[in-house]
Structure formats: C-alpha cells, structure tokens
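Descriptive structure summary
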Amino acid sequence: MIAKVIVDVPTNQTDRPFDYEIPEKFISIIEPGMRVIVPFGPRKIQGFIVSVEEQSELKSLKKIIDVLDITPVLNEELINVGFWLTDKTLCFAISAFQVMLPAALKVKVQKDIVVNAGRENDLPEQIANKFSSGKSLPWDELMNDKEDIALIKQLLKKDIVTVRYNVKDRKQEKTVIFITPAISLEKLREEVKKLDRAKKQQEILQYFIEGGEETTVIQLCDRLGTTRSTIKALVNKQLLIEKEVEVYRDPFQEREFTKSNPLPLTTEQAKVLEPILTSIEDKKHETFLLHGVTGSGKTEVYLQAIDKVLRDGKEAIVLVPEISLTPQMVLRFKGRFGSKVAVFHSGLSQGEKYDEWRKIHRGEVKVVVGARSAVFAPFTNIGIIIIDEEHESSYKQEDNPRYHARDVAIFRGDIHQCPVVLGSATPSLESFARAKKGVYHLLSIAERVNETAMPEVDIVDMREELRQGNRSMFSEALLEKLKDRIAKKQQSVLFLNRRGFSTFVMCRECGFVVECPHCDLSLTYHRKSHAMKCHYCNFEERVSDLCPSCESEHIRFFGTGTQKVEEELAKVLPGARVLRMDVDTTKRKGAHEKILQAFGDQNADILLGTQMIAKGLDFPNVTLVGILAADTMLHLPDFRAAEKTFQLLTQVSGRAGRHKLLGEVVIQSYTPEHYSIQYASKHDYLGFYDAEMQMRYRLGYPPYYFVTLITVSHPNVVKAANVCEKIVSYLNNNLSDKSILLGPVVSPIARIKDRYRYQCMIKYKVESNLVSSLREIVKHYNKDIHNDRLQISIDLNPYMLM
Ligand SMILES: Nc1ncnc2c1ncn2[C@@H]1O[C@H](COP(=O)(O)OP(=O)(O)OP(=O)(O)O)[C@@H](O)[C@H]1O
Ligand SMILES: [Zn+2]
Ligand SMILES: [Zn+2]
C-alpha cells in the first residue's frame, strides 16, 4: 500500500503529491486527510495524505515515518476544496491545506546538530565547548554566527556531525488532573481506620466514602481546606489516583446566555425567509443575496433559517467580518442556540482556536460563527452557509492563498447542495450585478423593523466651515447636535475614518512630509511616544524639531487621530462622558467588550471610534451619528474607493435610530458633492449602484471586467522593473487581444521594507490562457524567487491595489 502525500515544502517543484510506502504497522490506520511525517531529502517533514492506493509507478519508495492523527484532520470534501483553491488562487497545495486548519496543527520541526559517535575528539576547539550539553547544538543558536556555520558545513562534510530533525506537534490538548479513589469504597473504609494519626488524610478519604464525586486537586483543596501534599500522600499510598482529563479552553464558559426565542417576523422578513427555507427543504444549492437596509432585522432571518437547518439535523456556518465579531453578535447566536455554537475570532489564543475547531471536528457543535477562515469549518453535513456584511473586504485573504470566502462558501454550498446567503445593506457591486443577472437570487428588505424611518442625514461642507472661521474638527451643526443629545440623555456615536489617512508629519513652510526610509510611505505620528512609525515595517523615529528639508520650526503632525478628537471633545464639551474605541484601547483581551458594555449601560454620552464601530452595533438609545471626515478614503488609488466610501457611510449612519427613537446623521466632508456621499446621505443604494456601474463600465473595471494584479518586488529597482516588463511582454504574446494589459508601472506604494515594487494589471472578460500563462511565469522565475530575493505576487481578484 502506498500513500500520496503533499509535503510541507512550499516550492514550485514540490507542489505535487509524492508517493510513500505505508509501513505494515500503519496500514490499518492510515486514511486520506491525516498528517504524517515523511523523509524528504535529508529532512523529516510534515505532509498530508491525499489518497491511499495499491501501488506506485515508482520503484523504490521511502517509508512514512510517523502518523500524527488518529482521525483525519481534513475530510474528503476539504481535500477537494484544497485542490480547488490551488487552481483558483494559484497557491501551493500545502498552503491550501494549511489555511483550512488551526495553526496549532502546524508541526514545528526543530533542528539540532549532533556529534557523531566516536568523533567527539575531532571537534575543533573553537566550537567544541558549544556542544557541551548533551553533545548537541540547537540550529537556531548556530544561525547567529556566520563563522560557526561555515565551520559546521565542513564538519558535516567530514562526517563529524549530523543534522538531526525533531518533529514537534504544536497542538496541545488542555488537561486537568482529577482525583478519584483508587480502590473500592469498601476498602477505603478499612484504610481510613489505619490512618488515625493523619486527620487531614482521613478527611479526604471520608469525602469520597460519603459519595463525593471525583474532583480536581484545586477544588478538593478548596472544599476541604487541605493541601496538595496531603492529597499527594494518599496518591503515593495508592488509595487515590490522579486522572488526566481533557478539557476545552472555552472563552465563553463562565458566561450565562439568556435564552432568546424566535421573534414573530415582519412581513418583509417572512417573505425573504421563505425561499431560503424552500432551498433547505429541497436540498438544492442556491445563492441568495439578501439586501436589507440597516436595522432591517437580517440577523433574525439568519437565526430562523439556521433553526430549520438544525431541526433537519444539519450544520450551519455563519461568517461575520472580524471587526463586527463583537460580543453583541456572539450573544445573539449563543443566546438562540446555546452550546451548539462554536466561535472563531482572532482574539482567541492558538489553544482556544484549536479547541473550538475540535468541537466542530468531533461533531459536538452544530453552528460556527466566525471570521473568514471559519468557511473551512470541518462540518460534514452543511445545511446553510451565511455571509453577513458580504461586501466586506476582509473576506478576501491578502496572503497566500489569496482566496475570497464568498467563493469558497459557494463552492461548498454546491457540494452540500445547500443555500448560501449573502447579506448586506450595501452589497458589493459584483454581487448585486450577479443578483440582477439572476445568477444569485435577490431578496430585499426595504424597511427597518418596526418601520422606523431611516435617519435624516445632514452633509456639512467643511471648506465652508473654514471660511466662516471655524478651525476646529467639529462643525457648528455637529457640535449643536451633540450638546442637544447630552441634554436629552441620548447617546451619540462619532466616527473617524482612519483607513487611507493617517496622522502624518508635515512642514508647513515647505510641504516636506516625513517618510519611512525603507517604504516610501508617510510615517504615522504616535503621540504617546512622540515618535513616528511606519505601519508596514515598524521603522520608528523621534519627531524632529526642525524640518530636515528647510530647517523651519513649523514642522508638526497633520491629520487627526481618535486620541486628538478625544482631547478636543474634552475642550468643547467639558463634562461629556466619552468612550474611545480604537486599536489602542482594545488591545487587551476583553477590552472591546467592556467598552461596548459600558456604552450599552449608558455610562457614556459619546462613543468615539474607528472602523470598529461602523458595523453590527445595535444600541437603542443612539440617536446621533457624526462622521468627522467622510472623504478620506475617496482619494486612494483604488477603483473601489467610491464604493468603499458609500458602504462605510451607509453602515455608520445605520447605527442611528434603530429602535423607537428617530436618528440623525451629520456627515462632514471636504468634497460633499461627490456622488458616493450624496447617495449615502439619501440611503439610496440603487442610485449609487447605477452611478457606480456606469463609472466601472467606462473605465473597464469589475463587474464588467475581471482584474488580475501582478506585483513584482526586489531590493534592486532595475531588477524589479525589468522582470515586470518581461512579464508584461510575455503576457502580451500569450493572452488574447481582447484582454487589456496595464503597466508595468511603479506600485502606488513604491517601496516596502527596502524592496522596490512594480506592478501590472490584466483586465479581461474571458481568458482561457490566463492561469496557464501565470503558472508559466512563476515557473520561469522560480530560481530567482529562491536565490535572488525576487518576489512575484499574483492576485486573481485583488482588493488591495497598493
Ligand atoms: N421580527 C422582529 N421583531 C422585533 N424586533 C426585531 C425583529 N427582527 C429584528 N428585530 C430587532 O431589530 C434590531 C435590528 O436588527 P438587526 O440588527 O438584525 O438588523 P440588521 O439588518 O442586521 O442591521 P445591520 O445591517 O445594520 O446590522 C435588532 O435589535 C433586532 O433584535
Ligand atoms: Zn517602513
Ligand atoms: Zn520644511
């Protein structure tokens, strides 16, 4: 018997299954989807079995060294998903398999160098002492010293030392020690009598004799006021035993969830739920686009669809953007489905993630709520996949494999013949276009629950404010309304868009902007440390007092951070209670939740924050939303800039007046006439859609064209430019005339971490040669990628165009 194995060597040449012989002792246990350790060249590495077969075409095969799993970590379906991913995103199979699993399942291989038996005396003096302990030298330690490396190389050649590979599985089940009687209660009673001088020990035995249940050491100490050593003494006498029991790290364990019951649906909710239920009933795959305005009760529709799925004995996957994976959201699902729910988000530790994954793997939960990667949940009988806020760009992974969760969801939905529901108040242009063409089934909710009106929106022209002499970051109108809400004991949300806009340092005399010396990006000012930082490479520099260019003293930071807004608020609204929510205030575990809890408990008048507060928040007492700078994202070199602006403004506005009280929104802008801002202020998705579609048509962008972005980077600017140019000419010769090639051009961010970046873009409608041509390119440059620090990244559906 042989196994075909995808090995953990992410290179072009190794990106195919390798044949290995299955040793006799493993034949009965080995299955596809298990992780194994195999020899590869001189090394031992991890691999995934993708199939088991009778024989190989090759003659002499190496043997599988070890099997890491008792049950496969990837089921057959996920193995297929993995191969499909490699096709769709041009990634290595190994990367596709690894992305589907929790990080804890990635094996770590540690290397060390050992002295061969009998050769101890042949070690040169300068290195001999390093081998003192156990005659081995950890590889990592060696890597610190170039001279040592050269020396070791010689010793390897002379057979004096060998490199040893130790495989270490990172996964770790958490265990707890339970204490329980080692002998029958009958015998315990006899033993107690013999212990007459050890009162404490007697007490413990008495506890078990009286029917006390098995318990942890800590609990036992607590309960009986005893100590570990007393318990240990009884264990040593073989009267009690320690039992290791596996437990889950459950971040929500201690929490009580108030059970929620299905709400009677509004007419519109019922209308959209029905076709979804039919699809579940008929076991037929269909993709729905649920377009429902903010506050229209989409979540309740999801919950009731899932309810049906669970009653059918099936499983549900719910994806929400990381940023809105708030406790509020989790509560809604845990509240309805209790312990049947597993939760996946980036705040969990590696161990916690592994535990949540195991609950799914073992079939102990039926629903998973999570960010992007939850789309790979190892369920076997999926009844529905839901993607909330489907327009969010965080569903696209910006790293290999560059997959979009929406594509994976639809692929899996087809395999399981179940519905996929894409929900949003502001669907992506691509999805809405597909729905209009009938590829997706469009479902719409036009009214909010309770028919509360959409909030009224006031656009303030900040240029005009400046002309009137108002130099503050708050317009007259916004300030008045904030005061009004405080007086009425209602709450406000202030939103500061930080994406594509930061607090850079500029000289007011000559316009010099301080940039990172490695990345050609403006540095971001950090108030606390009075330093400037690069957000790409972490370069840090103190703010200088004089302009490095003209020596003027008028160099200072521009732009606004939430901290600055907070300080300003304290000046103009003394006494207002402000909660700030941004990356800085939410670093610590649970901080996010605490802030929202405090706001929900009315302990603050104003919630000030970044992107984090744009989505999913549902607070009845919020009647005012202020957007401080609406257009900061409009000027990015990105064809989705207008779409992103519209989505964000609509989502943030949607936080106001969601329940009984009417809401109001103030949008401050320097380009108030822009159509994305105008349509957002009117809550007019369809109007925006039409306008933006015309724009995309004119410029030849998605959804009219598909786009592929190739970025070439190298420390040498000439090399980067050359390679990019050659790629373009190769593509010119190999793609059809109908495809449009843009570039080579310098990337909008011309340099990152001392690597120069060039890019080209392919726009096409149908291009059968595309994937094979791209593979050819990677193959051609394979050597340079390995030996010459060349990087070529290919994104078949780019969301980041910088
Ligand atoms: N049928 C119903 N009856 C009464 N209240 C409802 C009903 N459906 C939903 N709600 C409530 O309406 C509020 C808004 O619903 P929900 O948050 O699901 O809206 P949404 O469509 O997801 O909005 P957004 O896109 O802004 O997140 C919630 O407080 C929810 O509990
Ligand atoms: Zn940098
Ligand atoms: Zn200057």
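Quick notes on the rules
- Residues numbered from 1 in each chain as written.
- Chains lettered and ligands numbered in written order.
- Predicted model: local features only at pLDDT ≥ 70, side-chain atom pairs only at ≥ 80, totals over all residues.
- Heavy atoms only, no water.
- Helix = DSSP H or I, 4+ residues; strand = E, 2+ residues; numbered from the N terminus.
- Rg over C-alpha atoms; globule rule 2.2 N^0.38 Å.
- Buried < 20%, exposed > 50% of the residue type's maximum accessible area, 1.4 Å probe, protein only.
- Contact = heavy atoms within 4.5 Å.
- Pairing = 2+ DSSP bridges.
- Right-handed = clockwise from strand over helix to strand, strands pointing away.
- UniProt positions renumbered as here; feature names shortened; annotations may be inferred.
- Axes fitted to C-alpha atoms, helices over the stretch in contact; angles between N-to-C directions.
- 1 Å grid on protein atoms, 1.4 Å probe; cavity = no way out; pocket = protein on both sides within 12 Å on 5 of 7 lines; lining within 4 Å.
- Points joined across faces, edges and corners; volume = space filled by probe spheres on them.
- Domains from an automatic or database assignment.
- Disulfide = S-S within 2.5 Å.
- Core = buried A, V, L, I, M, F, W, Y, C linked by side-chain atoms within 4.5 Å.
- Salt bridge = Lys/Arg side-chain N within 4 Å of Asp/Glu carboxyl O.
- Parallel < 35°, antiparallel > 145°, perpendicular 65-115°, else oblique.
- Nonpolar A, V, L, I, M, F, W, Y, C, P; charged D, E, K, R; others polar.
- Left-handed = near helix turned anticlockwise from the far one by under 90°.
- Near = heavy atom within 4 Å.
- Polar contact = N/O pair within 3.5 Å; in protein donor to acceptor, adjacent residues only side chain to side chain.
- Areas by Shrake-Rupley, 256 points an atom, 1.4 Å probe, with all protein chains shown as cover.
- Expected span 1.5 Å × (residues − 1).
- Phe/Tyr/Trp six-rings, centres within 6.5 Å; stacked < 30°, edge-to-face > 60°.
- Lys NZ or Arg CZ within 6 Å of the ring centre and 35° of its normal.

Section: the overall build of the chain
Within the chain, the regular secondary structure consists of 25 helices and 33 strands. Taking 802 residues into account, the globule formula puts the C-alpha radius of gyration at 28 Å, and the chain, at 31 Å, falls close to it. For the chain, the C-alpha atoms occupy an extent of roughly 90 × 70 × 65 Å along the three principal directions. Residue burial in the chain is summarised as follows: out of 802 residues, 51% are buried. If you take every contact in the chain between residues at least 6 apart in sequence, the share linking residues at least 24 apart comes to 74%.

Here we look at the pairing of strand β15 (residues 367-370)
Along β15, one buried face is formed by Val-367 and Val-369 and the opposite face, lined by Val-368 and Gly-370, is buried too. Pairing analysis gives four bridges linking strand β13 (residues 315-319) to β15, with the strands arranged parallel. Paired with Ala-316 across the two strands is Val-367, which belongs to β15. When strand β14 (residues 341-344) meets β15, the two strands line up parallel, connected through four bridges. Bridge pairing in β15 places Val-343 opposite Val-369. A crossover links β14 with its parallel partner β15, the connecting element being helix α13 (residues 350-361), and its sense is right-handed.

Side note on the UniProt feature "binding site: Zn(2+) 2" (unreviewed entry) in the chain
This chain's UniProt record puts "binding site: Zn(2+) 2" (unreviewed entry) on Cys-516, Cys-519, Cys-534 and Cys-537. Take Cys-516: it is sitting in the loop between β21 (505-507) and β22 (524-526). A relative accessible area of 2% means that Cys-516 is categorised as buried.

Regarding the sheet that holds strand β33 (residues 791-795)
Across the sheet, which stays open at both edges, the four strands sit in the order β31-β32-β30-β33 with antiparallel pairing between neighbours. Pairing within the sheet leaves two strands with one partner each, and these edge strands are β31 (740-752) and β33. The average angle at which neighbouring strand axes cross in this sheet is 20°, direction not considered. Across seven bridges, β31 lies against strand β32 (residues 755-764) in antiparallel orientation. By the bridge assignment for β32, Arg-751 is matched with Tyr-756.

Quick word on the layout of surface pockets
A probe as big as a water molecule, rolled over the atoms, marks out the empty space that is left. Its boundaries defined by the atoms lining it, the second largest pocket holds a volume of some 1300 Å³. Lining of the second largest pocket is provided by 38 residues; of these, Asn-400, Arg-402, Ile-792, Ser-793 and Ile-794 occupy positions nearest its centre. Looking at the lining of the second largest pocket, the elements with two or more residues in it are β30 (706-714), β31, β32, α24 (770-780), α25 (782-787) and β33. In terms of residues, the lining of the second largest pocket owes the most to one element, β33, which gives five residues.

With respect to the domain arrangement of the chain
When its domains are assigned, the chain resolves into domain 1 (2-105), domain 2 (108-168), domain 3 (183-238), domain 4 (267-449), domain 5 (456-501 + 559-696) and domain 6 (706-795). With centres defined by C-alpha atoms, the gap from domain 3 to domain 6 works out at 71 Å.

Concerning unusual backbone geometry
Cis geometry marks the peptide bond from Pro-702 to Pro-703, where omega comes out at 0°. One can find Pro-703 in the loop between α22 (685-699) and β30. A positive phi angle is found at Leu-90, which is not glycine, with a value near 60°. Structurally, Leu-90 can be placed in the loop between α1 (76-89) and α2 (93-99).

Remarks on the state of the cysteines
In this structure the tally under the stated criterion is zero disulfides. Of the cysteine sulfurs around Cys-724, a residue in no disulfide, the closest is that of Cys-760, at 4.6 Å. By relative accessible area, Cys-724 is classed as buried at 0%.

Considerations on the nonpolar core
Among the nonpolar cores identified, the biggest contains 88 residues, and Leu-74, Phe-376, Leu-607 and Ile-627 are the most heavily contacted of them. Sequence-distant contacts of Ile-627, defined by excluding residues within four places in its chain, comprise Phe-495, Leu-649, Val-652, Ser-653, Val-665, Val-666, Ile-667 and Gln-668. Of all hydrophobic cores here, the second largest spans 30 residues; its members include Val-272, Tyr-302, Phe-337 and Ile-386.

Some remarks on the sheet that holds strand β11 (residues 240-247)
Remark on secondary structure: sheet strands pair via backbone hydrogen bonds, oriented parallel or antiparallel. Ordered by their spatial adjacency, three strands build an open sheet running β10-β9-β11, and the pairing between neighbours is antiparallel. Looking at the sheet topology across the chains shown, the edges are occupied by β10 (215-216) and β11. Note that strand β9 (residues 174-181) and β11 share eight bridges and pair antiparallel. Its bridge partner lying in β11, Thr-175 is registered against Glu-246.

A few points about the pattern of salt bridges
A complete count under the given rule lists 40 salt bridges for this structure. Within the structure, one salt-bridge network assembled from shared partners comprises Asp-458, Lys-481, Asp-484, Arg-485, Lys-488 and Glu-664.

Things to note about the packing of helix α15 (residues 429-436) against α22
At their nearest, the axes of α15 and α22 sit 11 Å apart, and the two run at 100° to each other. The angle between the axes of α15 and α22 places the two elements in the roughly perpendicular class. Of the residues in α22, those touching α15 at Leu-429, Phe-432, Ala-433 and Lys-436 are Tyr-685, Leu-686, Phe-688, Tyr-689, Asp-690, Glu-692, Met-693 and Arg-696. Across the contact of α15 with α22, the residue classes tally to eight nonpolar, no polar and four charged.

So, the packing of helix α23 (residues 717-734) against α24
With their axes 11 Å apart at the nearest point, α23 and α24 run at an angle of 145° to one another. Considering how the two elements wind past one another, α23 and α24 form a crossing that is right-handed. Residues Ile-727, Tyr-730, Leu-731 and Asn-734 of α23 form the contact with α24, whose own contacting residues are Ser-773, Leu-774, Glu-776 and Ile-777.

What to know about the site of ligand 1
By nearness alone, 19 residues border ligand 1, and Gln-269, Gly-295, Lys-298, Asp-618 and Arg-658 come closest of all. Within the side chain of Thr-299, an N or O atom sits 2.9 Å from an oxygen atom of ligand 1. Within the side chain of Asp-618, a nitrogen or oxygen atom sits 2.4 Å from an oxygen atom of ligand 1. Coverage of ligand 1 by the protein chains reaches 85% of its 640 Å² of free accessible surface. Class assignment for the residues of the shell around ligand 1 results in five nonpolar, eight polar and six charged. Both domain 4 (267-449) and domain 5 (456-501 + 559-696) contribute no fewer than three residues apiece to the shell around ligand 1.

What to know about helix α11 (residues 298-311)
Across its 14 residues, α11 extends 20 Å between first and last C-alpha, which sits within 8% of the 20 Å expected from 1.5 Å per residue. By the criterion of burial, α11 is predominantly enclosed, with twelve of the 14 residues buried. Of the residues making up α11, those classed as buried are Lys-298, Thr-299, Glu-300, Val-301, Tyr-302, Leu-303, Gln-304, Ala-305, Ile-306, Lys-308, Val-309 and Leu-310. Looking one or two residues past α11, Gly-313 carries a phi angle of roughly 80°, positive in sign.

Let's talk about the side chain of Lys-396
By the element assignment, Lys-396 lies in the loop between β16 (382-388) and α14 (405-416). At 2.8 Å, the side chain of Lys-396 and the backbone oxygen of Asn-797 are in polar contact. Discounting residues that sit within four places of it in the chain, Lys-396 has contacts with Arg-372, Arg-402, Tyr-403, His-404, Asp-795, Asn-797, Pro-798 and Tyr-799.

Some words on the packing of aromatic side chains
Taken as a whole and assessed by the stated rule, the structure comprises 17 aromatic pairs. Aromatic side chains Phe-646 and Phe-688 sit 4.3 Å apart centroid to centroid with 0° between the ring planes, which places their arrangement in the stacked category. A residue pair is termed long-range when its members are at least 10 positions apart, and Phe-646 in helix α20 (residues 641-653) and Phe-688 in helix α22 qualify at 42 residues. By relative accessible area, which is 1% here, Phe-646 ends up buried. Looking at Arg-16, its charged tip hangs above the ring of Phe-18, at a distance of 4.0 Å from the centre. Across the ring face of Tyr-705, the terminal group of Lys-765 is positioned such that the distance to the ring centre comes to 4.9 Å.

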